[in-house]
Amino acid sequence: MKVALYNHFAQDVHEGLTAREKHLSSKYFYDDEGSRIFMQIMQMPEYYPTACEFEILSQQSQAIFNRIDFIQKFNIVEFGSGDGSKTKQLLKVFLEKGADFTYIPIDISQEANDALKQNMKLALHNLDIQPRTGDYFDVLNELSATGVPNLFLFLGGNIGNYKREAALELLKKFNADMNKGDMLLMGMDLQKNPRTIRTAYDDPHGITKAFNMNLLRRINSELDADIQIDQFDFYCDYNPQNGEVNSYLVSLKKQHFHSTVLNTTFYFEKDELIWTELSKKYSFTEIEALAKEAGFKVVNNFMDCRHFFTDTLWVK
Ligand code: AVJ
């Protein structure tokens, strides 16, 4: 698995840094060091999404439960489960309500799955947890064939990293593998006061900057490159007219670097950008349209008290 990922990284870096408009995918933020930095981001007071979703799942899981009308045993299937601290809030309430379900977290890391199982079992003794290691769609395909109803969880707001067409494609793929009546609970960050959003990404501690700069460190270490990391800066911007936070690395001078793994020299003009991330903020109109186009109906939006974030519940 490591090898496959590694090759994708190499290929994508080559493609992204030779493109006319340079780009690197935010999916490469999350190596061990990047995951550590992301944990720091989630603890910053400026980064509201994590606290908002924690609030929603702590306080509204009973209301969510009331909108699930599976009468038989069902599965709760989670994509990209992370450490499970938010999901635990929901599972706890569902267990208290006497729901009969199996919790199936899906992750590409066996290690992450083992840790999650340990952790969940300690907190929730009666939880039936059956982690799956592998690709979302392989597991999805297998599960829908059993005919057991499913509630899918796609939390954290990760859908915001996809451009509209790619988000739609992903949701359509989910939909194609689901049975009629299956449900999806998805975290989506909402449009709000632009200043609140800008501060969450352009944070005063420089943690989001370090998160972005980590991509350069990864290229140096994994692709044996000689990037002068301090000759790049971080810039991000929120556009309230389209709900997009876009993040970039900025070359501070005309420069180049070489990677022996890629056997390539990459050239940068002064002030040239590398686009690193889209974090899309949604309006309710956009959520409705996205659901409809992907073949879902919006059942309800569960929001934090400030209405910053929604866990939107959809049914196929
Ligand atoms: C994990 C994709 C939801 O876009 O808000 C945090 C990642 N990037 N700060 C987001 C992130 C900069 C985060 N997601």
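Residues numbered from 1 in each chain as written. Predicted model: local features only at pLDDT ≥ 70, side-chain atom pairs only at ≥ 80, totals over all residues.

Under an unreviewed UniProt entry, the name given to the protein chain is L-histidine N(Alpha)-methyltransferase, and the source organism is Flavobacterium suzhouense.

(A) Fine view of the overall build of the protein chain. Counting its regular elements, the protein chain contains 11 helices and 12 strands. Taking 20 Å as the expected radius of gyration for a compact globule of 316 residues, we find that the protein chain reaches 20 Å, a close match to that expectation. Considering only C-alpha atoms, the protein chain reaches an extent of 65 × 40 × 35 Å along its principal axes. Scored against the burial criterion, the 316 residues of the protein chain give a buried share of 36%. Once local pairs closer than 6 in sequence are excluded, the contacts in the protein chain between residues at least 24 apart make up 74%. (Helix = DSSP H or I, 4+ residues; strand = E, 2+ residues; numbered from the N terminus. Rg over C-alpha atoms; globule rule 2.2 N^0.38 Å. Buried ≥ 20, exposed ≤ 12 C-beta atoms within 10 Å, placed from the backbone. Contact = placed C-beta atoms within 7 Å.)

(B) Just the UniProt feature "domain: Histidine-specific methyltransferase SAM-dependent" (unreviewed entry) in the protein chain, in detail. In the UniProt entry, the feature "domain: Histidine-specific methyltransferase SAM-dependent" (unreviewed entry) is given for residues 9-314. Along residues 9-314, the helical share is 40% and the strand share 24%, with 33 Å between the first and last C-alpha atoms. (UniProt positions renumbered as here; feature names shortened; annotations may be inferred.)

(C) The arrangement of the environment of Thr18 in detail. Note that Thr18 resides in helix α1 (residues 2-18). Taking C-alpha positions, Thr18 is 22 Å from Tyr162, a pair spaced 144 residues apart along the chain.

(D) Expanded view of the site of the ligand. Around the ligand, the neighbouring residues are Ile41, Pro49, Gly156, Gly157, Asn158, Gly160, Asn161, Tyr201, Thr208, Phe211, Glu277 and Ser279. For the shell around the ligand, the secondary structure elements donating two or more residues are α10 (207-222) and β10 (273-280). In the shell around the ligand, the residues fall into four nonpolar, seven polar and one charged. The residue makeup of the shell around the ligand includes at least three contributed by each of domain 1 (3-30 + 195-280) and domain 2 (48-190 + 286-315). (Near = placed C-beta within 6 Å. Nonpolar A, V, L, I, M, F, W, Y, C, P; charged D, E, K, R; others polar. Domains from an automatic or database assignment.)

(E) Main features of the nonpolar core. Counting 50 residues, the largest nonpolar core has Phe152, Leu153, Phe154, Leu184 and Leu185 as the members making the most contacts within it. For this core, the element with the highest residue contribution is strand β5 (residues 183-189), accounting for five residues. Here this core spans two domains, since at least three of its residues come from each of domain 1 (3-30 + 195-280) and domain 2 (48-190 + 286-315). Those residues in contact with Phe154 that sit more than four places away from it in its chain are Phe79, Ile159, Leu184, Met186 and Gly187. With 22 residues, the next largest nonpolar core counts Phe9, Leu215, Leu216 and Phe232 among its residues. (Core = buried A, V, L, I, M, F, W, Y, C linked by C-beta atoms within 7 Å.)

(F) Representation of the packing of helix α2 (residues 32-43) against α10 in the model. For the pair α2 and α10, interaxial distance at closest approach is 9 Å and the crossing angle is 165°. Taken together, the axes of α2 and α10 lie roughly antiparallel to each other. Between α2 and α10 the crossing geometry is left-handed. Packed against α2, whose contacting residues are Glu33, Gly34, Ile37, Phe38, Gln40 and Ile41, the element α10 presents Ile207, Thr208, Ala210, Phe211 and Asn214 at the interface. (Axes fitted to C-alpha atoms, helices over the stretch in contact; angles between N-to-C directions. Parallel < 35°, antiparallel > 145°, perpendicular 65-115°, else oblique. Left-handed = near helix turned anticlockwise from the far one by under 90°.)

(G) Representation of the pairing of β5. Summarising burial for β5: seven of the seven residues are buried, a large majority. Residues Met183, Leu185, Gly187 and Asp189 of β5 are buried on one face, and the alternating residues Leu184, Met186 and Met188, pointing to the opposite face, are buried as well. By the bridge criterion, four bridges tie strand β4 (residues 150-154) to β5 in an arrangement that is parallel. Of the residues in β5, the one forming a bridge with Phe154 is Met186. With seven bridges connecting them, β5 and strand β12 (residues 309-315) associate as antiparallel partners. Bridge assignment links Met188 to a residue of β12, and that residue is Thr310. (Pairing = 2+ DSSP bridges.)

(H) Fine view of the domain arrangement of the protein chain. Per the domain assignment, the segments of the protein chain are domain 1 (3-30 + 195-280) and domain 2 (48-190 + 286-315). Taken together, the contact pairs seven residues of domain 1 with four residues of domain 2. Those elements that place two or more of their residues in the side of domain 1 that touches domain 2 are α9 (194-201) and β10. Broken down by element, the residue count for the side of domain 1 that touches domain 2 peaks at four residues, all from β10. Residue classes in the side of domain 1 that touches domain 2 are distributed as two nonpolar, three polar and two charged.

(I) Molecular detail of the sheet that holds strand β6 (residues 232-239). The strand order across the open sheet formed by three strands is β6-β7-β10, and the pairing between neighbours is antiparallel. Edge strands, defined here as strands with exactly one partner in the open sheet, are β6 and β10. Neighbour-to-neighbour, the strand axes of the sheet open up by a mean angle of 20°, direction not taken into account. Contacting β6, β7 (244-251) and β10, α10 crosses the sheet at an angle of about 125° to β6.

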